[in-house]
Amino acid sequence: MSPVPAPSSLRAPTLRPRESALAIDAYVPGKSRAPAGVRLHKLSSNETPLGPSPKAVEAFREAAANLEVYPDGTSRVLREAIGRAHGLDPARIVCGAGSDELLSLLALAYLEPGDEGLFTEHGFLVYKIAILAAGGTPVVAPETNLTADVDALLERVTERTRIVYIANPNNPTGTYLPFDEVKRLHAGLPETTLLVLDAAYSEYVRANDYAAGVELAGSAPNVVMTRTFSKAFGLASLRIGWLYGPEGVVDVLNRIRGPFNVSGPAIAAGAAAAADRAHIEAAVDHNARWLATLTEGVRALGLEVTPSVANFILIHFPQTPGRSAADADAFLTARGLILRAVGAYGLPDALRLSIGTEEANRAVLEALGEFVESAPRG
């Protein structure tokens with residue numbers, strides 16, 4: 001028997017979400033499937049081809065014996081392991097379910113509706129999502145040569161700017177700001193503006209003028225640095241991120257984060273991974289070797305590559321029919337080579353290629369050569 005509808009006078013009003021929430025374009029991850037019967041090489045998500053540390057895997061398995069028990073809500077073991085690895089005070093570290101959670105919590109903590117959050121035009125998509133979810137207003141600064149431009153950022157700072165996100169190195173371009181430029185950006189910001197240095201790919205950088213941001217986050221009251229275990233450490237599936245910053249920011253985040261926002265197995269695996277320096281060095285060495293090889297190899301095919309210091313390269317394609325990024329994507333996908341289309345980042349004529357195994361790297365170079373050779377000439 002159908003329930004009798006309530007009189008119109010007793011019905012609840014139609015639920016209306018915050019307008020800024022409806023303005024969010026949901027994040028769409030990279031493809032992860034190949035056509036049936038084709039060997040898959042997933043090169044779309046910047047995952048390390050070396051996988052996680054065996055010590056992290058062992059710690060994860062041991063933690064599985066206690067899945068009925070709530071994890072330590074402070075992630076103490078993980079924070080202390082990170083502190084030992086980087087020479088940091090664990091009391092000034094906050095852990096989260098990936099650095100994405102921490103980026104969003106910062107927006108929730110420091111943006112009132114109408115406040116502005118600033119980022120660069122090809123910056124990580126999560127920044128805009130976090131700002132809008134908090135009720136803030138996204139403000140975008142243009143880049144120069146696909147690199148963050150400090151002057152352009154400072155020109156867009158107003159009395160309403162409460163947070164500035166900088167991915168350094170940036171995803172999906174692979175470019176970076178030298179530390180002197182980061183310090184110049186910070187010096188130009190009001191004390192009421194929080195500078196967020198998103199250093200998710202910092203382990204891979206070998207440039208002498210680069211710094212992840214520990215120095216500023218350790219000394220300035222309005223700077224934080226975020227990091228992740230999802231890339232070089234190979235623990236993307238466990239969603240582990242961390243933040244280092246001033247005591248005031250750490251206190252605020254600990255007030256608003258979930259009480260058990262990092263799982264027990266993630267805490268155990270992350271702590272073991274942080275201590276396994278040999279594994280992370282092997283991952284970084286593999287990346288450095290193949291980053292150079294793929295960059296040179298793709299350029300030798302006549303395609304433009306943005307110089308990268310991360311674990312991926314951005315390949316640019318002409319707009320000529322049959323030779324475009326979309327054409328290349330379809331050609332590679334049919335061969336099981338899954339790259340990342342980056343139209344959502346304002347780069348419709350490019351594909352992002354993650355550094356993979358030797359087999360995958362050689363396969364993508366060969367397939368790109370076939371694509372260039374077979375594509376119609378303009």
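Residues numbered from 1 in each chain as written. Predicted model: local features only at pLDDT ≥ 70, side-chain atom pairs only at ≥ 80, totals over all residues. Heavy atoms only, no water.

To keep things clear, this is the line we draw: UniProt positions are given in the numbering used here, feature names are shortened, and annotations may be inferred rather than shown by experiment.
The name given to the protein in an unreviewed UniProt entry is Histidinol-phosphate aminotransferase, and the organism recorded there is Hansschlegelia plantiphila. In its Cofactor (unreviewed entry) section, UniProt records this for the protein: "pyridoxal 5'-phosphate". One UniProt comment on the protein, placed under Pathway (unreviewed entry), says "Amino-acid biosynthesis; L-histidine biosynthesis; L-histidine from 5-phospho-alpha-D-ribose 1-diphosphate: step 7/9."

A closer look at unusual backbone geometry
Convention followed: Put simply, DSSP marks the helices as runs of H or I at least four residues long and the strands as runs of E at least two long, and each gets a number from the N terminus on.
Here the residue pair Asn-168 and Pro-169 is connected by a cis peptide bond, since its omega of 5° sits within 30 degrees of zero. Following Asn-171, the chain continues to Pro-172 via a peptide bond in cis, the omega torsion being 20°. By the element assignment, Pro-172 lies in the loop between strand S5 (161-167) and helix H7 (179-187). Of note in this structure, Asn-46 is not a glycine but carries a positive phi near 60°.

Some thoughts on the UniProt feature "modified residue: N6-(pyridoxal phosphate)lysine" (unreviewed entry) in the protein
The condition is simple: Type-normalised accessible area, obtained with a 1.4 Å probe on protein chains alone, sets the label of each residue: buried when under 20%, exposed when over 50%, and partly exposed for intermediate values. Throughout, a residue-residue contact means that at least one pair of heavy atoms, one from each residue, lies within 4.5 Å. Whenever a nitrogen or oxygen atom comes within 3.5 Å of another N or O atom, the pair is scored as a polar contact, on the condition that within protein one atom can donate a hydrogen and the other can accept it, and that pairs from neighbouring residues in sequence are kept only if both atoms are in side chains.
With numbering matched to this structure, UniProt assigns "modified residue: N6-(pyridoxal phosphate)lysine" (unreviewed entry) to Lys-231. Take Lys-231: it is sitting in the loop between strand S7 (223-228) and strand S8 (241-244). The class for Lys-231 is buried, based on a relative accessible area of 16%. Setting aside chain neighbours within four positions, we find Lys-231 in contact with Ser-45, Asn-46, Thr-48, Ala-200, Tyr-201 and Tyr-204. A polar contact of 3.4 Å, which involves the side chain of Lys-231, links it to the backbone oxygen of Ser-45.

Considerations on the pattern of salt bridges
Counted only if it meets this: What makes a salt bridge here is a side-chain nitrogen of Lys or Arg within 4 Å of a carboxyl oxygen of Asp or Glu, nothing more.
All chains considered together, the criterion is met by 13 salt bridges. Between Arg-255 and Asp-251 there is a salt bridge, with its nearest N and O atoms 2.8 Å apart. Within this pair, Arg-255 and its partner Asp-251 are both found in helix H9 (residues 247-256), separated by four residues, close to a single helical turn. Asp-251 gets classed as partly exposed once you look at its relative accessible area, which sits at 36%. Residues joined in a network through salt bridges with shared partners are Asp-151, Glu-181 and Arg-184.

Section: the nonpolar core
Applied cut-off: The nonpolar core is taken to be a set of buried Ala, Val, Leu, Ile, Met, Phe, Trp, Tyr and Cys residues, with the residues joined through side-chain atoms within 4.5 Å.
Ranked by size, the top nonpolar core spans 57 residues in total, and within it Ile-166, Leu-195, Phe-229 and Trp-242 carry the most contacts. Considering each element in turn, this core owes the most residues, seven residues, to helix H10 (residues 264-275). The residues touching Leu-195, leaving out its near neighbours within four places in the chain, are Val-164, Ile-166, Leu-185, His-186, Leu-189, Asn-222, Val-223 and Val-224. In terms of nonpolar packing, the next biggest core, distinct from the first, is built from 31 residues, Leu-102, Ala-130, Leu-146 and Ile-163 among them.

A word on the sheet that holds strand S10 (residues 312-316)
To keep it simple, the criterion reads: One bridge is not enough; two strands pair if DSSP finds at least two bridges between them. In this analysis, axes come from line fits to C-alpha atoms, helices being fitted only over the stretch in contact, and the angle between any two N-to-C directions falls in the range 0 to 180 degrees.
With antiparallel pairing, four strands are arranged side by side in an open sheet as S9-S10-S13-S12. If you trace the sheet from one side to the other, it starts and ends with strand S9 (304-306) and strand S12 (340-342), each paired once. Each neighbouring strand pair of the sheet contributes to a mean axis angle of 35°, computed without reference to strand direction. Running at roughly 10° to S10, helix H11 (residues 277-300) makes contact with S9, S10 and strand S13 (347-354) of the sheet. Here helix H12 (residues 325-333) sits on the sheet and contacts S12 and S13; the angle it forms with S13, its principal contact strand, is near 35°.

Remarks on the pairing of S5
Burial analysis of S5 places six of its seven residues in the buried class, which makes it a mostly covered element. In this sheet, S5 lies alongside strand S3 (residues 116-120) in parallel orientation, the contact comprising three bridges. Bridging across to S5, Glu-116 finds its partner in Thr-161. In the sheet, S5 pairs with strand S6 (residues 194-198) via five bridges, with the strands oriented parallel. Bridge pairing links Tyr-165 to Val-196 in S6.

Focus on the pairing of strand S2 (residues 93-96)
What you see with S2 is no split at all: Ile-93 and Cys-95 on one side and Val-94 and Gly-96 on the other are buried throughout. Here S2 runs beside S8; their pairing, made up of four bridges, is antiparallel. Residue pairing across strands places Gly-96 opposite Gly-241, the latter belonging to S8.

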